[in-house]
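Understanding the architecture of this molecule
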Amino acid sequence: MTRYIGLDVHKAYIRGYEFQPYSSEGKQERHFRFPNTPVGWSQFISGLDADVQIALEVTGSAFEIYDILVPHAAQVVVSNPVAMRRLGSGRHTDREDAVRLAQMLALRTLPAVWVPPHPVREVRRLLEVRERLGSYRRALTNQARAVLRRHGILLPKEPNALGQVTKAMVSKLPQAEQAILVSVLAAAQALEEQEKALTASIAARVVDESAVHLLMTIPGVGMLTAATIWAKLGDPHRFRSPKQVARYAGLDPSVEQSGERDRRGHISRNGDRLLRRMLVEAAWAVARHDSGRWGPSTAG
């Protein structure tokens, strides 16, 4: 007899709900909880069998939990939390979330996500950390520009403009400002070195991926952009149409419909921000430099 289990995952514990719709009255459901530790998971797995189906929402460790559970269950589904919130009643507790997961799994209405294989997960996480370091570095460089601007030193907006800062320029600043400038520039340089190291690690992981090489044949698509598209989109066959890809990246137009009114606005901006930014930057590069059908010579 099939058992449907919903797991609401937290850092310290797991809230679970087991649903057996074909059991006798009073034995159809069971609530439980166990610690989110190796021992806790081992004890939970010991109670599984080939008929059990399990659902959990995407969290920071959802895919690792998926890997643990797959050998011990008939099916493991990782659900989309955004879609779950849209379908829910608006009231969310650990207990209710676990119930919702199990019952929607039993009804085959659970919105699932694609579980990427390990190589794709690795590149995704490297890209995300690299992007975060880049954000920190840009914040530091903006702070350095602000220090210089307070004392009448204006630098051009080009990315490497801070390299034009000389010791003579720094020596003219008040001592406190000198300390700030030297510190933020040193921190920004250290972050830049770490970004380069992560870029090399990403390149090493996609060097043999034919899809990445194919993407790089598009004008304006370099290694990082190709790696981002490959890792973030994953298996292209899971999308039924180009419109689905645009919707996944948040590049679809927002829609407001009411009666006879049908207004299309700016892009929805749903989905992954890094993927969307990379696609937009690549599109601008194609629009500026491509000598083919999408280039400036054929625009208009």
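Model, not experiment: these values are computed from the prediction. (Residues numbered from 1 in each chain as written. Predicted model: local features only at pLDDT ≥ 70, side-chain atom pairs only at ≥ 80, totals over all residues. Heavy atoms only, no water.)

Turning our attention to the nonpolar core. Grouped together as the largest cluster of nonpolar side chains are 39 residues, with contacts concentrated most on Val123, Leu127, Leu148, Val165, Leu181, Ile202 and Trp230. For this core, the secondary structure elements donating two or more residues are helix H5 (118-150), helix H7 (175-206), helix H8 (210-215), helix H9 (223-233) and helix H11 (273-289). With 9 residues, H5 is the single largest residue contributor to this core. Apart from residues lying up to four places away in sequence, Leu148 is in contact with Ile153, Leu155, Leu162, Val165, Leu173 and Leu181. Counting residues in each nonpolar core, the second largest holds 21 residues, with Ile5, Phe34, Ile45 and Val78 among its members. (Core = buried A, V, L, I, M, F, W, Y, C linked by side-chain atoms within 4.5 Å. Buried < 20%, exposed > 50% of the residue type's maximum accessible area, 1.4 Å probe, protein only. Helix = DSSP H or I, 4+ residues; strand = E, 2+ residues; numbered from the N terminus. Contact = heavy atoms within 4.5 Å.)

Quick look at the environment of Leu173 now. If you trace the backbone, Leu173 turns up in the loop between helix H6 (167-171) and H7. Among the residues examined, Leu173 registers a relative accessible area of 5% and is labelled buried. Taking the C-alpha atoms as reference points, Leu173 and Ala282, 109 residues apart in sequence, are found 40 Å from one another. Look past the residues within four positions of Leu173 in its chain and what remains in contact with it is Val147, Leu148, His151, Ile153, Gln178 and Leu181.

Once that is clear, we can look at the sheet that holds strand E2 (residues 13-19). A sheet is described by the order of its strands in space; here 5 strands give the open sequence E3-E2-E1-E4-E5, paired in mixed fashion. Edge positions in the sheet fall to strand E3 (29-35) and strand E5 (75-79), since each of these pairs with one other strand and no more. Sheet twist, expressed as the mean angle between neighbouring strand axes with direction ignored, is 20°. Looking at chain direction, strand E1 (residues 3-9) and E2 are connected through 6 bridges and run antiparallel. Bridge assignment links Leu7 to a residue of E2, and that residue is Gly16. Sitting on the sheet, helix H1 (residues 38-46) touches E1, E2, E3 and strand E4 (52-57), and the angle it makes with E3 is about 150°. This element, helix H2 (residues 62-69), spans E1, E4 and E5 of the sheet and lies at about 175° to E5. (Pairing = 2+ DSSP bridges. Axes fitted to C-alpha atoms, helices over the stretch in contact; angles between N-to-C directions.)

Enumeration according to the criterion identifies 15 salt bridges in this entry. One salt bridge connects Glu195 with Arg137, and the closest N-O pair in it is separated by 2.4 Å. Taken together, the residues span a long stretch of sequence, with Glu195 in helix H7 and Arg137 in helix H5 at a distance of 58 residues. Classification of Glu195 by relative accessible area gives buried; the value is 6%. (Salt bridge = Lys/Arg side-chain N within 4 Å of Asp/Glu carboxyl O.)

Turning our attention to the packing of H2 against H5. It is at 12 Å that the axes of H2 and H5 come closest, and there the two elements cross at 165°. As the angle between them shows, H2 and H5 are arranged roughly antiparallel. Here H2 runs over H5; the crossing is left-handed. Mapping the contact onto sequence places Phe63, Glu64 and Asp67 in H2 and His118, Arg121 and Arg125 in H5. The class makeup of the residues in the contact of H2 with H5 is 1 nonpolar, 1 polar and 4 charged. (Parallel < 35°, antiparallel > 145°, perpendicular 65-115°, else oblique. Left-handed = near helix turned anticlockwise from the far one by under 90°. Nonpolar A, V, L, I, M, F, W, Y, C, P; charged D, E, K, R; others polar.)

Such coordinate-based values are descriptive only and should not be taken to indicate function.
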